[in-house]
Amino acid sequence: MSDPVIEVSDVTRTFMISAGFMRGKKPLHAVNGITLDVERGEVLGIVGESGCGKTTLAKMMLGLLPPTSGTLRLDGKAVGSADRIEVARILQPIFQDPYSSLNPRKSIGDIIMLPLRVQNDPNPETWQSRAEAIMDLVGLPKRVINNFPNQLSGGQRQRVAIARALINRPKIVICDEPTSALDVSVQSQILNLLQDLRSEFNLTYVLISHNLAVVEHMATRVAVMYLGRIVEQADTETLFKSPRHPYTEALLGSVLTPVPGLGVPDTHLGAAYPNPIDPPSGCTFHPRCAKVMDHCSNQVPPTIGANGTMVECHLYADGLGQKAKGKKTRKGKRK
Amino acid sequence: MAQPILEIENLCVDIKVPSGLLRAVQNINFSVAKGETLCIVGESGCGKSITALSLMNLLPRTATRSADKLMLDGRDLRGLGEREMSDLRGNRMAMIFQEPMTSLNPAYSIGNQLEEAMQRHRNVGTGEARDRAVFLLEKVGITGARGRLGQYPHQLSGGLRQRVMIAMSLMCEPALILADEPTTALDVTIQAQILHLLADLRDEFETSLILITHDLGIVARVADRVAVMYAGEFVETGTTEQVFNAPSHPYTQGLLRCIPIPGKTKRGEHLGAIPGIVPNLVGEMQGCHFASRCSHVHDACQSGHIALRASFEESHQYRCVLTPKVCAANSKRKVVA
Amino acid sequence: MANVSLARAGIPTAEEILEPSPGAMLRRRIFGNIGLLFGAVVLLTIVFMALFAGVISPGDPYDQVLSRKLIPPIWHDGPKVTWEHPLGTDALGRDYLTRLFYGARISLFIGFAAMLISGVIGTTLGVLAGYFGGRVDMVVNFILTTRLSLPVVLVALAVVSLIGSSLTVVIWVLGLLIWDRFAVVMRSATQQIRNLEFVSAAQALGCSTPRIILSEIIPNIANHLIVVATLEMAHAILLEAALSFLGLGVQPPEPSWGLMVAEAKGLIFFDSWLIGIPGAAIFILVLSINLVGDGIRDVTAPENRN
């Protein structure tokens, strides 16, 4: 059974970054050949360290950034060709920082009703009541409709952002670190709300977060990103119980659960996250990998598995032929 | 217990704001022993950073500090002038800030800044200071330390910068390090490394550490003792085991229910929540500061001053009218989903 | 319905409003800023004088009575001093107070019109450069650098002497020359706002680019715009005075303040009030406009928020 609402196939996004004074520009592959399906109704968690390309991927899904190569399909239609308004009807974002994601000069009512106005909704007389209904749903008192963002707390603002995203009944919501700017006690309120809204509206979530505990709690499937590639994908239970990629293992190892007496884990990852302009050869993770083998530094690891469960690592390759093949295709892509 | 490095009694910080006097820190008491780690945990606006700044005497001009006792290493910090304080800062007590990006001066090489940190307080030559800098950079896990001395902050990643900051704080072998959210700006993997490093260095140099954070995971793993701060007050203090295994104050209990814990909270189930918002700290406040958000609130909470009381053990204290027995029962109760 | 189920789910809804509305906070800060209040009162007085010059002035600005020339203002002693001419008369016997009122009209009109023209040009260029960046930014920067390399007064002199002088010419010359500060400030303000997430949010909602610029960007840079506008208006008024003084601005017998200074310069040692009064008027007008501009910047500056 496969019913993808977002199909990302072999997408690459390259930025030209100045390498230094008088040294010209160098390509930075923020997203480097990602293939990923988001199934209808699932919560796909995307995790990885900062600079791994997860936000760039989200921006491309939202149509805010065109891919350098590859295609993104949304509900069967290619994102690039579809109207922005069309995309907005299906897909809505919730951003990280509720302090900068709301226009400070607009009232809460105006902010929440903006999607209706942009979509040229045919029934302007219903806007007010629909805004009030959605505010009720996300737990905002009706009386704040004429207030301004600076009058609300961080949690309330994030509720406004959620109301704005949901008023047009999208199918998919992309949550980019939805709670990382919030206090612990507010974070749990927002996570609970997102859970409730999901079952209420049959939503599909793409949840981008560096907080693995949040991802574990919310997601049904997780994709782990490292240096522009997805290195492992699996359903949440499998991934957290038996991670396969050494990087996933290290990530999970560094989660600090509030259990006293365990001490701080040692991740053996080394200090430096590699410079994405100049990524390591072969498997880009090999300089930090605890299970590095000889050929990791010169051979690109093959992709093993498909259909939402995959890992990209030499440890799980069965024959050399496959490795060589993997290397060949990836090299071709990079050009 | 050995002679404490830092002893504080009745520390108060008031800040003048247009609408009155903001009582940011109210009558907090604590002490830190040699080699001990105290974690102050709380949400934004609870006064935890102000507490740290007040110890360093780095408060904004509009703030005033008062205390009945403020002893570092047997020396009274009250009434010390700016000159004497700056002799202590970086020397006997050092601070590590949240943003490694902005707490290093971009105009000087890291070697320069490390040497300066030492020569400011010690009568040593450049060579000796440089040797110490290399020694400490290697200690904090920076490879090729001697070659790195000439590098500038922008050439280092966030994790490396925070390591440099830690090395800098250790240059003069301070008795006490204050770390204010030292890993909040960093990735989880780097966070684990930095915390590991801090713990190792604390053990090796027998430095006392005050770690300020909002992350209960960090607290549980690093702290010897914990102080939970809410609205300017300590609401619960005790050893890490006491606070995490038998949280007594309703706020601590609420916080611990709020966070998802892999393997413990059930996926997709509701997390606990603390309704309402932090009270306004301007002006005098009656009764329990947490009363407006507490699910066990009753009449006794609304008036007077709620004092800290001992839980089952004397070293575990909390600020609530409920008896330890009731609190223990509350902490076991399931969250209303 | 759904909301019932959520309410039961224990999602807290009641949270207090933390702050007064932006409007209320702005009002509070405006009335706490003495410079702004003082400047605004003076400026409004001058605007009132200009608007109602025809009603409140004692005479006609062009009416020459040579028999009553060079009467000193009333604070001087002398046989000719009279309350009929509170500020005296000039060398052609025209009532000086009347000419001052009408002159305010011209100064303010030129300042306002030139500011409007330069504001439209500068803001358009600056916002486009800040919003789109890249090539657009490069082109705008090139135009801006070119403009900055032109000395304003010299170009204005050259143009005016080439095509002749009139009120319209002066306004257009000034308007086309002083848009640089608008462009610079608007560009950096737009760049700042553009990177905030609510702009991305508007894009993700499907807002068109003109809509984003007009309803998301412009309202958030409006405070900068007002500040620059006041400063540029003062700038234009000073430039007009300078041009008129050099005889290349407003032409006689129009009562421009700069021209009044110029006409009186021959008599500076004999009847110094003739030069002092319009000079003081220019000074007070520019000062009040600058006070208002500074005040607006202070009450809307982000560091004053919260």
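Residues numbered from 1 in each chain as written. Chains lettered and ligands numbered in written order. Predicted model: local features only at pLDDT ≥ 70, side-chain atom pairs only at ≥ 80, totals over all residues. Heavy atoms only, no water.

Asker: How should I be thinking about the overall build of chain B in this particular structure?
Answerer: Of the regular secondary structure elements, chain B holds 11 helices and 13 strands. Taken against the 2.2 N^0.38 rule, which gives 20 Å for 337 residues, the C-alpha radius of gyration of chain B at 21 Å falls within 12% of a compact globule. When its C-alpha atoms are laid out on the principal axes, chain B stretches across 65 × 50 × 40 Å. Looking at the 337 residues of chain B, the share that counts as buried comes to 55%. Long-range pairs, those at least 24 residues apart, make up 64% of the contacts in chain B between residues at least 6 apart in sequence. As displayed, chain B offers around 14300 Å² of accessible surface, 50% of which is attributable to carbon and sulfur atoms. For chain B, the separation between the mean place of its 35 positive charges and that of its 35 negative charges on side chains is 4 Å. (Helix = DSSP H or I, 4+ residues; strand = E, 2+ residues; numbered from the N terminus. Rg over C-alpha atoms; globule rule 2.2 N^0.38 Å. Buried < 20%, exposed > 50% of the residue type's maximum accessible area, 1.4 Å probe, protein only. Contact = heavy atoms within 4.5 Å. Areas by Shrake-Rupley, 256 points an atom, 1.4 Å probe, with all protein chains shown as cover. Lys, Arg positive; Asp, Glu negative; His and termini not counted. Charge placed at Lys NZ, Arg CZ, Asp CG, Glu CD.)

Asker: Explain the packing of aromatic side chains to me, please; I cannot follow it from the model alone.
Answerer: Given two aromatic rings, one states the distance between the centres and the angle between the planes to describe the pair. Inspection of the entire model under this criterion finds nine aromatic pairs over all chains. Judged by centre distance (5.2 Å) and plane angle (90 degrees), the rings of Y230 of chain B and F290 of chain B are edge-to-face. Taken together, the residues Y230 of chain B in strand β10 (residues 225-230) and F290 of chain B in the loop between α10 (250-258) and β12 (309-310) connect sequence positions 60 residues apart. Each member of the pair, Y230 of chain B together with F290 of chain B, is buried. Taking the centre distance of 5.0 Å and the plane angle of 45 degrees together, the rings of F48 of chain C and F52 of chain C count as tilted. Residue classification places F48 of chain C among the partly exposed residues on the basis of a relative accessible area of 42%. Pairwise contacts between aromatic rings join Y226, Y247 and F285 of chain A into one cluster. (Phe/Tyr/Trp six-rings, centres within 6.5 Å; stacked < 30°, edge-to-face > 60°.)

Asker: Teacher, can you tell me more about unusual backbone geometry here?
Answerer: Peptide bonds are mostly trans, and most non-glycine residues show a negative phi. Of note, the phi angle at N120 of chain A is positive, near 55 degrees, even though the residue is not glycine. Mapped onto the elements of the fold, N120 of chain A is located in the loop between α3 (108-118) and α4 (127-137).

Asker: I'm lost on the pattern of salt bridges in this one. Help?
Answerer: Summed over all chains, the structure comprises 30 salt bridges over all chains. The salt bridge partner of R78 of chain B is D76 of chain B, with a shortest N-O separation of 3.2 Å. The exposure class assigned to D76 of chain B is partly exposed, which follows from its relative accessible area of 31%. For D87 of chain B, the salt bridge is made with R120 of chain B, and the minimal N-O distance between the two is 3.5 Å. Taken together, the residues D87 of chain B in helix α2 (residues 82-88) and R120 of chain B in the loop between α3 (110-119) and α4 (126-139) connect sequence positions 33 residues apart. On the accessibility criterion, R120 of chain B (38% relative accessible area) is partly exposed. A single salt-bridge network, built from bridges that share partners, covers D3, R40, D75 and K171 of chain A. (Salt bridge = Lys/Arg side-chain N within 4 Å of Asp/Glu carboxyl O.)

Asker: Help me understand the sheet that holds strand β11 (residues 233-239) of chain B, please; the structure alone is not making it clear to me.
Answerer: Sheet strands pair by backbone hydrogen bonding; their relative direction is either parallel or antiparallel. All names here are of chain B. Across the sheet, which stays open at both edges, the eight strands sit in the order β7-β8-β9-β3-β10-β11-β13-β12 with mixed pairing between neighbours. Each having just a single partner strand, β7 (93-96) and β12 make up the two edges of the open sheet. Helix α1 (residues 48-56) contacts β3 (37-41), β7, β8 (176-180), β9 (208-213) and β10 of the sheet and is inclined by roughly 145 degrees relative to β7. (Pairing = 2+ DSSP bridges. Axes fitted to C-alpha atoms, helices over the stretch in contact; angles between N-to-C directions.)

Asker: Teacher, can you tell me more about the interface of chain A and chain B here?
Answerer: Frequently, the measure chosen for interface size is the accessible area removed from exposure when the parts meet. With 42 residues of chain A in contact, the opposing surface of chain B contributes 46 residues. Both faces combined, the contact of chain A with chain B buries some 3800 Å², and carbon together with sulfur accounts for 59% of it. Counting the contacts that link chain A with chain B gives two salt bridges. Residue E216 of chain A is joined to R267 of chain B by a salt bridge in which the shortest nitrogen-to-oxygen separation is 3.5 Å. Linking chain A with chain B are 14 residue pairs in polar contact (both at pLDDT 80 or more), by the criterion used here. Mapped onto the side of chain A that touches chain B, the elements with two or more residues apiece are α6 (184-201), α7 (212-218) and α8 (236-241) of chain A. Taken together, the residues of the side of chain A that touches chain B sort by class into 18 nonpolar, 17 polar and seven charged. (Buried area = accessible area lost by both parts, 1.4 Å probe. Polar contact = N/O pair within 3.5 Å; in protein donor to acceptor, adjacent residues only side chain to side chain. Nonpolar A, V, L, I, M, F, W, Y, C, P; charged D, E, K, R; others polar.)

Asker: How should I be thinking about the domain arrangement of chain B in this particular structure?
Answerer: Residue and element names in this part refer to chain B. Considered domain by domain, chain B is made up of domain 1 (6-223) and domain 2 (247-332). The distance between the C-alpha centroids of domain 1 and domain 2 comes to 30 Å. Facing the 11 residues of domain 1 at the interface are 10 residues of domain 2. Roughly 970 Å² of surface becomes buried between domain 1 and domain 2 when both sides are summed, with 57% attributable to carbon and sulfur atoms. Of all residues in domain 1, R23, E43 and L216 give up the largest surface area on contact with domain 2, accounting jointly for 50% of the area buried on that side. Joining domain 1 to domain 2, the criterion identifies zero salt bridges. Taken together, domain 1 and domain 2 are joined by two residue pairs in polar contact (both at pLDDT 80 or more). By residue number, the principal contributor to the side of domain 1 that touches domain 2 is strand β2 (residues 20-32), which donates six residues. Classifying every residue of the side of domain 1 that touches domain 2 by side-chain character gives five nonpolar, four polar and two charged. (Domains from an automatic or database assignment.)

Asker: Would you take a moment to explain the packing of helix α9 (residues 180-194) of chain C against helix α11 (residues 209-245) of chain C for this structure?
Answerer: The description of two packed helices rests on the angle between their axes and on the distance between the axes. All names here are of chain C. At a minimum axis distance of 9 Å, the contact between α9 and α11 shows a crossing angle of 160 degrees. As summarised for this structure, α9 and α11 are arranged roughly antiparallel, according to the angle between their axes. The handedness of the crossing between α9 and α11 comes out as right-handed. Judged by residue contacts, R181, F182, V185, M186, A189, T190, I193 and R194 of α9 engage E216, I217, N220, I221, H224, L225, V228, A229, L231, E232 and H235 from α11. (Parallel < 35°, antiparallel > 145°, perpendicular 65-115°, else oblique. Left-handed = near helix turned anticlockwise from the far one by under 90°.)

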